[in-house]
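Fold and contact review
The lines below spell out each chain.
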Amino acid sequence: MENFINGMWTKPRSEQYADVFNPCTGEVIETFACSNIEDVNEALHVANLAFKNWKKTPVAQRAVLQHKAATLMRQNAERLANSLASELGRPLAGCFTEISRSADLLDFYAEEGLRMKGEIPLHNLEGEKALIVREAIGVVVAITPFNYPITLLVMKLGAALMAGCTVVAKPSEDTPISTLILAEIFMEAGYPPGVFNVLTGWGYEIGNALIEHPITAKIAFTGGTSTGKRIGATAAMHNKRITLELGGQSPAIVCEDADITTAVIAIVRHAFANSGQFCYRVNRVYVHKTKYQAFLAQAVALAQKLKLGNPHSNADMGPIVNQKIYQNSEAQVLDALEKGATVLTGGQRLRGEEYDKGWYFPPTIISDTNHSMKIMTEETFGPVVGIMPFETNEEAIALANDSEYGLAAYVFSEQVGTGLRMAESLEAGSVWINNISRSYHDVPFGGVKQSGIGREKGHYGIEAYTELKTIYLNY
Ligand SMILES: NC(=O)c1ccc[n+]([C@@H]2O[C@H](COP(=O)([O-])OP(=O)(O)OC[C@H]3O[C@@H](n4cnc5c(N)ncnc54)[C@H](O)[C@@H]3O)[C@@H](O)[C@H]2O)c1
């Protein structure tokens, strides 16, 4: 597929394309354009030109277009979900969920954008007022990872467009197809050309050009912490605004008074969703010593019921997207085994006719863990969970916070006060108590420590694409 620039399919200057693979079969299913610096320049100029009018388009008109795009997404759900399933390998039902939730998020931002306000402070000075107005910041570069390509783009796109910004999106090399289809859908919704552009290519080749370009006003990035830190450093050198949604290593604490069944169901479902390729998934679990054995037994039994297979079968989990991501899970299991851990279920790549062509890694639960092991300290991005017992709540908090990451944390306790006190002590952008739901559209999402800078979603998500201006008015 070609780039989508200025409302048109556009050949890359290099005239080079790279393959997109189906992770279940290893087959080439599409190609993406390998853009170069000239393509970056063109896309940013086009977006900048479109910005001049888009920022003046009444916000109500922007909302109408955004609702239309959401409706068209739902109407095209089958096409989008199938393309997601083929490039990502996730079971189809989960792909439909991603599309419908992303459409809902567009609708949410369309409504929330209508409520954005400035301020007029009450100075009570005769003939003088200070007006605090919000202005769109300009052209936004949205760089997204492979694992939820539509949702993670819409988190940026829906907010930026409602704020009056225009967007150049750079999707992952693994899953660019669904993003290109989305651009076509937005065009059909009636967006002016140049408002939403998609440029594909290798991050390391065009990343710096996108970030450093004088036209780029903001970089909204979701991806790995090491990539994000490099982007953050380059952005800082050029004084660009940034939002960074980075890696996670999220802990769950199961207290002495927790309902074990509730905790097991929530944790197992969450830890293995999207084959563990999920930024705020549960990566490690601390269980009170009195509940430890019961928790292990129930968690293993539930994990073993999960079926692996291709997206069109009745599977709960698909393969891991590529060899590099797969190797991380394998290496972390080996590291834990070398340091004395026990694999209770899973732990090895699945083999057999159905599995040989994909990187299928089964749900893996590891006990006898400690913090010398990578599984307890480094992001896995695969279906592997480390579990260890604790004696006091203070110890559990200290273990949970013993991480460079701070994206999410989970607490299970029948005492609301205990759960709340723990939530206040946990170093994380979001804490769930007694359940693990998806993150809601109307509340902020983001990380602390090495998990990121800034917040997406809610009205905070839209404000992040605006700048405040103060106008002193004498009359
Ligand atoms: N915090 C969150 O909300 C969140 C959500 C999903 C995924 N993630 C993180 O994403 C990671 C997995 O995704 P991935 O493997 O696709 O991440 P990645 O960092 O490898 O790639 C993400 C994007 O960055 C681009 N990129 C790579 N090098 C670049 C450079 N030098 N300049 C600019 N762009 C560059 C890639 O092409 C891709 O589009 C995990 O670490 C996960 O935790 C975070």
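Rules behind the numbers
Residues numbered from 1 in each chain as written. Predicted model: local features only at pLDDT ≥ 70, side-chain atom pairs only at ≥ 80, totals over all residues. Heavy atoms only, no water. UniProt positions renumbered as here; feature names shortened; annotations may be inferred. Helix = DSSP H or I, 4+ residues; strand = E, 2+ residues; numbered from the N terminus. Pairing = 2+ DSSP bridges. Axes fitted to C-alpha atoms, helices over the stretch in contact; angles between N-to-C directions. Phe/Tyr/Trp six-rings, centres within 6.5 Å; stacked < 30°, edge-to-face > 60°. Lys NZ or Arg CZ within 6 Å of the ring centre and 35° of its normal. Domains from an automatic or database assignment. Contact = heavy atoms within 4.5 Å. Buried area = accessible area lost by both parts, 1.4 Å probe. Salt bridge = Lys/Arg side-chain N within 4 Å of Asp/Glu carboxyl O. Polar contact = N/O pair within 3.5 Å; in protein donor to acceptor, adjacent residues only side chain to side chain. Near = heavy atom within 4 Å. Areas by Shrake-Rupley, 256 points an atom, 1.4 Å probe, with all protein chains shown as cover. Nonpolar A, V, L, I, M, F, W, Y, C, P; charged D, E, K, R; others polar.

Looking at the UniProt feature "domain: Aldehyde dehydrogenase" (unreviewed entry) in the protein
If you check UniProt for "domain: Aldehyde dehydrogenase" (unreviewed entry), the listed places come out as residues 9-471 in our numbering. Secondary structure within residues 9-471 divides into 41% helix and 21% strand; the distance between the first and last C-alpha atoms comes to 42 Å.

Describing the sheet that holds strand β18 (residues 430-433)
Overall, mixed pairing links the seven strands, which are arranged β13-β14-β15-β12-β11-β17-β18 in an open sheet. The strands lining the two open edges of the sheet, one partner per strand, are β13 (342-345) and β18. Direction aside, the axes of adjacent strands within the sheet are offset by 25° on average. Here strand β14 (residues 364-367) runs beside strand β15 (residues 384-390); their pairing, made up of three bridges, is parallel. By the bridge assignment for β15, Ile365 is matched with Val385.

Structural notes on the packing of aromatic side chains
On inspection of all chains with the given rule, the structure shows 16 aromatic pairs. Judged by centre distance (5.4 Å) and plane angle (65°), the ring pair of Phe32 and Trp202 falls under edge-to-face. One end of the pair, Phe32, is in strand β4 (residues 28-33); the other, Trp202, is in the loop between β8 (196-198) and α7 (203-212), with 170 residues separating them in the sequence. Each residue in the set Tyr148, Phe278, Tyr280, Tyr410, Trp432 and Phe445 is aromatic and connected to the rest through ring pairs, giving one cluster. The ring of Trp54 is capped by Arg62, whose NZ or CZ atom sits 5.9 Å from the centre of that ring. Just above the ring of Tyr326 sits the side chain of Arg349; from NZ or CZ to the centre is 5.8 Å.

Considering the domain arrangement of the protein
In terms of domains, the protein is made up of domain 1 (3-246 + 451-474) and domain 2 (250-440). With centres defined by C-alpha atoms, the gap from domain 1 to domain 2 works out at 31 Å. Contact with domain 1, which involves 23 residues of that partner, is made by 28 residues of domain 2. Across the interface of domain 1 and domain 2, roughly 2,100 Å² is buried in total on both sides, 54% from carbon and sulfur atoms. Put simply, domain 1 and domain 2 have zero salt bridges between them. The interface formed by domain 1 and domain 2 contains nine residue pairs in polar contact (both at pLDDT 80 or more). Of all the secondary-structure elements, those providing two or more residues to the side of domain 1 that touches domain 2 are α3 (77-88) and α4 (92-113).

Structural notes on the site of the ligand
Neighbouring residues of the ligand: 29 residues in total, closest Thr144, Lys170, Thr227, Leu246 and Glu379. Within the side chain of Glu379, one N or O atom sits 2.4 Å away from an oxygen atom of the ligand. Across the complex, the protein chains shield 89% of the 850 Å² of accessible surface that the ligand would expose by itself. The set of elements that each furnish at least two residues to the shell around the ligand consists of α7, β9 (216-222) and α8 (225-237). Taken together, the residues that form the shell around the ligand break down as 14 nonpolar, 11 polar and four charged. Counting contributing residues, the shell around the ligand receives three or more from each of domain 1 (3-246 + 451-474) and domain 2 (250-440).

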